[in-house]
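Examination of the molecular architecture
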Amino acid sequence: MKSARLIPVYICLVVLALISIVPFLWMLSTSFKHGSDVYTKVPNLLPVDKKTGEFAPTTENYDYVLQIGGLGKAFVNSVWVCLILVPAKLLVDALAAYAFARIPFPGRDKIFAVLLAGMMIPTITLLVPRIFVTQSIGLFDSQWGLIVPNVASVLDIFLLRQFFLSIPSELEEAALIDGAGRMQIFWRVIVPLSVPVLSVVTITSFIFHWNDLVWPLVVLNDPDKYTLPLALQQLTQTESGRAYYIMAGATLAVVPVIAVVMIFQRRIMQGIAFTGLKT
Amino acid sequence: MVSPVLADKPTATTEPGRHSRRPGRGRRDHLVAWLLITPALIYFVGFLLYPALAALYYSFTDWNLRTTPDWVGLANYKDLLFDDAKYPHFWQSIKVTLQYTIIAVPLTMVAALVQALLINAIRRGSNLFRLLLFLPVVTAEAAVGAIWRWLYDPQYGLVNAVIGLVGIPKQNWLNTPELVIPALAFIAAWQCGISMIIYLAGLKGIPSSITEAAIIDGANPWQRFRRVTFPMLRPTTFYLLVTGVIAALQVFGLVYVIFSGRGQSVTGGPEQSGLTYVLHLYLYAFRYDAMGAACAMSFILFVFIMIITVLQFKFVKQEAS
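Throughout this document, residue positions are counted from 1 along each chain, in the order its sequence is written. Each chain is given a letter, starting from A, and each ligand a number, starting from 1, according to the order in which they appear as written. Owing to the predicted nature of the model, reporting of local features is limited to residues with pLDDT of at least 70; listing and counting of side-chain atom pairs is limited to 80 or more, with chain, interface and lining totals taken over all residues.

**Notes on the overall build of chain A**
Strands here mean DSSP runs of E at least two residues long; helices mean DSSP runs of H or I at least four residues long; both are numbered from the N terminus. Across its full length, chain A holds 16 helices and zero strands. Expected size for 279 residues packed as a compact globule is a radius of gyration near 19 Å; at 24 Å, chain A overshoots this value by more than 25%. Principal-axis analysis of the C-alpha atoms gives chain A an extent of 80 × 65 × 35 Å. The contact rule is simple: place each C-beta atom from the backbone, and if two of them lie within 7 Å, those residues are in contact. Counting only contacts in chain A whose residues sit at least 6 apart along the sequence, the fraction spanning at least 24 positions is 74%. Our radius of gyration looks at C-alpha atoms and nothing else; its globule reference is 2.2 Å times the residue count to the power 0.38.

Shown next as structure tokens:
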């Protein structure tokens, strides 16, 4: 029996899926517990009252971290940064990728090779001088300092170029003969045909920048400008010992990404399988 | 480095645009092309090329963000490598990083391969399991650190509760030097989702005719895995090994969150048992204000990663011939 043979496979998968998911469930339940119900001898996966055992969830932890913990402001900051950065980056990358893929100009392939070589430099090597550059153009400790130094990605240019190369050039030639300019071709021919790759790049870059801790950590000083991961990191320090606050903060950081991944899961999986790119 | 899935495909590099060249278009086209790549080029020069060269220059100087760099030649490198009094934890950070890499990378790959094989074996529910196993890897480092600090809590943590079920005594995971690296490696394996997806793509790429032939020849599942599936996954395994090692050598955000205490103190764990190379670098750059030394550290790492990359290219070439 084929299905009987698969039962152990399913059992293993359920166990692995539990290992994968239970940390999130525990985060959620802790975040909805009253502070007094969090520290129990036997961990409870549901927000129940320690004494009566009744189901007693609360949102008071969220109120606290959003108002006093500064995560409300940080959430808005993160949304704002991503709303500007992700589309801007997509545009910069797609335009460059289009030129590298489709417009022959002297030195093109050499320039592209140099860009690719630049990809090999570890980001950590660039970190300190990047701060220096950000400081000298006056963007240190500002939200534009999170946006401008991240506004392009060689990896994304490479991926988009690969995809653009696979679009049959006949389509473009027809448009050229009809007298269309390069920009018209880009918007009318290339972009509509590239929705899958454009969305993968958009989603992965949203996830990356929404989650990014290191760059905001080194560029921002003013707590009013903190992004969510940075504010959460701060909360982990200041409220250490109050797991219910920290877990409420973590939930705020995690839920938007999980929502995006659930909605676009097929695209994301295809994108990763195809490119191996690290989020 | 390009994923094997992508590399296997014949990339359509048929000199695009060449046929679309028509007399009279050329110069205007060049101008348009330059306009299109200009923003990316400015970014590249300003935030990649210049910083890389600057990092190299600063690595030969004594410098913090406020002073003018003071040329000291190779002193930073020499002190880092040989002056235990000045940089007492440099070699410790290398030891920690190598230990972490040696444990975390294979663990992650095995977890990813097992998950991929299991998911590949089923039809019904495969998308759901794939999604559930994928979620940890898209979670922000700050949140992962916060969640696992709580999971590893010695008194109330879920991890101790679970191992208690099989009779293992409670452990103070993040405060016992010998347990820090295994605890971190477990988190890495928990986040194996991307490797899992890449393995899954590799598995899908194995022609079913080969597997069927093995079945007809009477190979049992283990033999099929040993003799067919695993050898066919070699390029994928190799790719994941190299990218995994490169990433593990640079692990930072997670240890930063896990080992930051009240106030601003980041210590690198009990007895520096979680002081990874990049955390050490970060502390020198931003706590001890030694930017020049930090740049030197970053270049040592860069060279190390370059060596791995070059060796890997050599190896791939050897394989191909």
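**Observations concerning the environment of Gly193(B)**
All names here are of chain B. Tracing the backbone shows Gly193 in helix α9 (residues 193–204). Whether a residue is buried, exposed or partly exposed is read from the other C-beta atoms within 10 Å of its own C-beta, which are placed from the backbone; 20 or more gives buried, 12 or fewer gives exposed, and intermediate counts give partly exposed. For Gly193, a count of 27 C-beta atoms within 10 Å puts it in the buried group. The contact partners of Gly193, leaving out residues within four places of it in the chain, are Leu133, Phe134, Pro136 and Val137.

**Regarding the nonpolar core**
Soluble globular proteins tend to pack their nonpolar side chains together in the buried interior. Joined through C-beta atoms within 7 Å, a set of buried Ala, Val, Leu, Ile, Met, Phe, Trp, Tyr and Cys residues constitutes a nonpolar core. Ala96(A), Tyr98(A), Ala250(A), Ala143(B), Leu184(B), Ile197(B) and Ala294(B) are the most contacted members of the largest nonpolar core, which totals 178 residues. Broken down by element, this core gets its largest block of residues, 16 residues, from helix α5 (residues 71–102) of chain A. Discounting residues that sit within four places of it in the chain, Ala143(B) has contacts with Leu232(A), Ala250(A), Ala253(A) and Val254(A).

**Some points on unusual backbone geometry**
All names here are of chain B. Positive phi, close to 50°, is recorded for Glu271, a residue that is not glycine. By secondary structure assignment, the location of Glu271 is in the loop between α13 (253–258) and α14 (277–286). Taking the C-beta count within 10 Å as the criterion, Glu271 has 14 such neighbours and is therefore assigned partly exposed. The backbone of Gln272 sits at a positive phi, close to 55°, despite the residue not being glycine. With respect to the helices and strands, Gln272 occurs in the loop between α13 and α14.

**Comments concerning the confidence of the model for chain B**
Residue and element names in this part refer to chain B. The quantity called pLDDT is the predictor's confidence in a given residue, expressed from 0 to 100. Per-residue confidence for chain B averages 88 on the pLDDT scale, and 90% of its residues sit at or above 70. Of the regions scoring below 50 in pLDDT, residues 1–24 engages in 39 contacts with residues more than four places distant in sequence or in other chains. Scored as a whole, the predicted complex attains pTM 0.91, and scored at its interfaces, ipTM 0.92.

**Observations regarding the interface of chain A and chain B**
Chain A puts 86 residues into the contact, and the matching count from chain B is 91 residues. With 14 residues, helix α2 (residues 7–31) of chain A is the largest single contributor of residues to the side of chain A that touches chain B. Classification convention: Asp, Glu, Lys, Arg as charged; Ala, Val, Leu, Ile, Met, Phe, Trp, Tyr, Cys, Pro as nonpolar; all other residues, Gly among them, as polar. Partitioning the side of chain A that touches chain B into residue classes produces 62 nonpolar, 17 polar and seven charged.

**What to know about the environment of Val32(B)**
By the secondary structure assignment, Val32(B) is in helix α2 (residues 26–58). According to the C-beta neighbour criterion, Val32(B) is buried, with 20 such atoms within 10 Å. Those residues within four positions of Val32(B) in sequence are excluded, and the remaining contacts are Ile103(A) and Arg182(A).

**A look at the packing of helix α3 (residues 75–82) of chain B against helix α15 (residues 291–320) of chain B**
All names here are of chain B. Orientation is described by lines fitted to C-alpha atoms, with helices fitted over the stretch in contact, and by angles between N-to-C directions that extend from 0 to 180 degrees. At a minimum axis distance of 9 Å, the contact between α3 and α15 shows a crossing angle of 75°. Regarding the angle of α3 to α15, the classification is roughly perpendicular. Residues Asn76, Tyr77 and Leu80 of α3 form the contact with α15, whose own contacting residues are Gly292, Ala293, Ala296 and Met297. For the contact of α3 with α15, the class distribution of residues is five nonpolar, two polar and no charged. Should an angle lie under 35 degrees it is considered roughly parallel, over 145 roughly antiparallel, and from 65 to 115 roughly perpendicular; all remaining angles are considered oblique.

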